[in-house]
2 protein chains.
Amino acid sequence: MDAPDFAKGGGLLPAIAQDAATGEVLMLAYMNREAWTKTLETGKVHYWSRSRNRLWLKGETSGHVQMLREARLDCDGDTLLLKVEQLGGAACHTGRRSCFHRRVTPEGLVTEGEPVFDPREVYGT
Amino acid sequence: MDAPDFAKGGGLLPAIAQDAATGEVLMLAYMNREAWTKTLETGKVHYWSRSRNRLWLKGETSGHVQMLREARLDCDGDTLLLKVEQLGGAACHTGRRSCFHRRVTPEGLVTEGEPVFDPREVYGT
């Protein structure tokens with residue numbers, strides 16, 4: 001197939017955001033066709049927020065937009081890989097570079113890495 | 001939360017496999033609790049095959065098992081990141097290192113990278 005197959009995911013496909021420079025996996029969120037089209041049109045990554053049930057320009061509140069550098073589609077057309085430049089240096093709402101900042105160990109989860117920004121300052125909560 | 005929240009995905013969570021040495025994103029597949037438990041117990045990555053509706057030891061046919069080197073959980077507990085050693089050098093059923101071997105361009109998808117193995121020899125089809 002020659003394009004993302006949004007029907008396979010009931011309209012939503014997972015999209016992995018990876019730092020284009022370092023290769024670090026930053027986050028995973030979901031895209032519908034509208035988010036995908038907006039992302040290609042603007043060069044700024046848009047997702048579909050499942051919790052808010054609306055189009056979501058990543059960084060719309062924090063200013064920490066993801067600039068799309070490259071998009072890749074997997075072999076069966078139902079997952080996207082986005083290589084991005086993460087403005088502000090952090091993808092996670094906790095202020096850490098990556099949402100995957102918790103390592104699984106036999107003793108439980110270990111949080112690694114210091115926040116790049118203070119979420120209370122950015123989100124005002 | 002201290003563990004993957006399988007309920008959030010209706011029992012299935014996306015799991016990203018990333019090459020532990022190079023950082024290349026190899027594939028995305030899904031895990032249920034059984035697949036997750038088996039992966040931790042054996043050190044070999046197991047997924048839940050949505051198409052075959054059964055537990056799937058990655059590499060069970062090809063021998064191209066993924067050895068788990070590190071597992072990470074995202075901030076809201078509904079996506080897994082697996083750092084793996086990909087035996088056989090390729091994760092994709094097409095014989096290429098990564099399932100994300102198709103780059104999105106304005107002119108359509110461009111397939112990049114040569115197969116590491118011949119899928120006809122490995123799968124006998």
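Note that this is a predicted model, so its numbers are computed, not measured.

Structural notes on the UniProt feature "binding site: Mg(2+)" (unreviewed entry) in chain A
Part 1: UniProt's feature table lists "binding site: Mg(2+)" (unreviewed entry) at Asp 74, Asp 76 and Asp 78 of chain A, given in the numbering used throughout.
Part 2: With respect to the helices and strands, the residue Asp 74 of chain A is situated in the loop between strand E5 (66-73) and strand E6 (80-86).
Part 3: What makes Asp 74 of chain A buried here is its relative accessible area of 3%.
Part 4: Discounting residues that sit within four places of it in the chain, Asp 74 of chain A has contacts with Thr 79 of chain A together with Cys 99, Phe 100 and Arg 102 of chain B.
Part 5: Inspection of the secondary structure puts Asp 78 of chain A in the loop between E5 and E6.
Part 6: For Asp 78 of chain A, a relative accessible area of 7% corresponds to the buried category.
Part 7: Apart from the residues within four sequence positions on either side, Asp 78 of chain A is in contact with Lys 8, Leu 13, Pro 14 and Leu 73 of chain A together with Arg 50 of chain B.

Digging into the relation of the copies chain A and chain B
Part 1: Mapping chain A onto chain B is achieved by rotating through 180° and translating by 0.0 Å along the same axis, at an RMSD of 0.0 Å. Expressed as a symmetry operation, the mapping of one chain copy onto the other fits a two-fold axis. By C-alpha distance to the rotation axis, the residue of chain A lying nearest is Gly 23 of chain A, at 2.8 Å.
Part 2: Same-surface contact between copies: 100% of interface residues of chain A are shared with the interface of chain B.

Quick look at helix H1 (residues 33-42) of chain A
Working note: α-helix, 3.6 residues per turn, so residues spaced by three or four point in the same direction.
Part 1: Among the residues of H1 of chain A, those classed as buried are Ala 35, Trp 36 and Thr 39 of chain A. Down the axis, H1 of chain A shows its buried residues gathered within 100° of arc, on one side only. The exposed residues of H1 of chain A that point more than 90 degrees off its buried face are Arg 33 and Glu 41 of chain A.
Part 2: In this structure, the buried side of H1 of chain A is in contact with strand E2 (25-31), strand E3 (46-49), strand E4 (54-57), E5 and E6 of chain A together with strand E7 (102-105) of chain B.

Describing the interface of chain A and chain B
Part 1: Contacts between the two partners involve 33 residues from chain A, matched on the other side by 33 residues from chain B.
Part 2: Taken together, both faces of the contact between chain A and chain B bury some 2,800 Å²; the carbon and sulfur share is 59%.
Part 3: For chain A, the biggest contributors to the area lost against chain B are Cys 75, Phe 100 and Arg 102 of chain A; these three give 24% of the whole.
Part 4: A salt bridge links Arg 50 of chain A to Asp 78 of chain B; the nearest nitrogen and oxygen atoms lie 3.4 Å apart.
Part 5: Across the contact surface, chain A and chain B share 16 residue pairs in polar contact (both at pLDDT 80 or more).
Part 6: Sorting elements by how many residues they give to the side of chain A that touches chain B places E5 of chain A first, with 4 residues.
Part 7: Here E5 of chain A pairs with E7 of chain B via 2 bridges, running antiparallel. Residue Arg 72 of chain A lies in a different strand from E7 of chain B, and its bridge partner there is Arg 103 of chain B.

Some remarks on the environment of His 101 of chain A
Part 1: Of note, His 101 of chain A is situated in the loop between E6 and strand E7 (102-105).
Part 2: Separated by 10 residues in sequence, His 101 of chain A and Thr 111 of chain A place their C-alpha atoms 5.7 Å apart.
Part 3: With near-sequence residues (within four places) excluded, His 101 of chain A lies in contact with Cys 92, Thr 94, Arg 96, Val 110, Thr 111 and Glu 112 of chain A together with Arg 72, Leu 73 and Cys 75 of chain B.
Part 4: Separated by 2.9 Å, the side chain of His 101 of chain A and the backbone oxygen of Ser 98 of chain A make a polar contact.

So, the sheet that holds strand E8 (residues 108-111) of chain A
Part 1: Strand order in the open sheet formed by 6 strands is E8(A)-E7(A)-E5(B)-E6(B)-E1(B)-E2(B), with mixed pairing between adjacent strands. Here the strands that pair on one side only, and so sit at the sheet edges, are E8 of chain A together with strand E2 (25-31) of chain B. With direction set aside, neighbouring strand axes in the sheet form an average angle of 35°.
Part 2: When strand E1 (residues 13-19) of chain B meets strand E6 (residues 80-86) of chain B, the two strands line up parallel, connected through 5 bridges. The partner of Asp 19 of chain B across the bridge, within E6 of chain B, is Val 84 of chain B.
Part 3: The strands that helix H1 (residues 33-42) of chain B touches are E7 of chain A together with E2, strand E5 (66-73) and E6 of chain B; relative to E2 of chain B, the one it contacts most, it runs at about 125°.

Remarks on the confidence of the model for chain A
Should the pLDDT be low somewhere, the predicted coordinates at that spot are not to be read in detail.
Part 1: For chain A, mean pLDDT is 94; residues scoring 70 or higher make up 98% of the total.
Part 2: At the level of chain-chain contacts, confidence expressed as ipTM amounts to 0.95, with global pTM at 0.95.

Cut-offs applied
- Residues numbered from 1 in each chain as written.
- Chains lettered and ligands numbered in written order.
- Predicted model: local features only at pLDDT ≥ 70, side-chain atom pairs only at ≥ 80, totals over all residues.
- Heavy atoms only, no water.
- UniProt positions renumbered as here; feature names shortened; annotations may be inferred.
- Helix = DSSP H or I, 4+ residues; strand = E, 2+ residues; numbered from the N terminus.
- Buried < 20%, exposed > 50% of the residue type's maximum accessible area, 1.4 Å probe, protein only.
- Contact = heavy atoms within 4.5 Å.
- Least-squares fit on C-alpha atoms with pLDDT ≥ 70 in both.
- Arc of directions from axis to C-beta.
- Buried area = accessible area lost by both parts, 1.4 Å probe.
- Salt bridge = Lys/Arg side-chain N within 4 Å of Asp/Glu carboxyl O.
- Polar contact = N/O pair within 3.5 Å; in protein donor to acceptor, adjacent residues only side chain to side chain.
- Pairing = 2+ DSSP bridges.
- Axes fitted to C-alpha atoms, helices over the stretch in contact; angles between N-to-C directions.
- pLDDT = per-residue confidence, 0-100.

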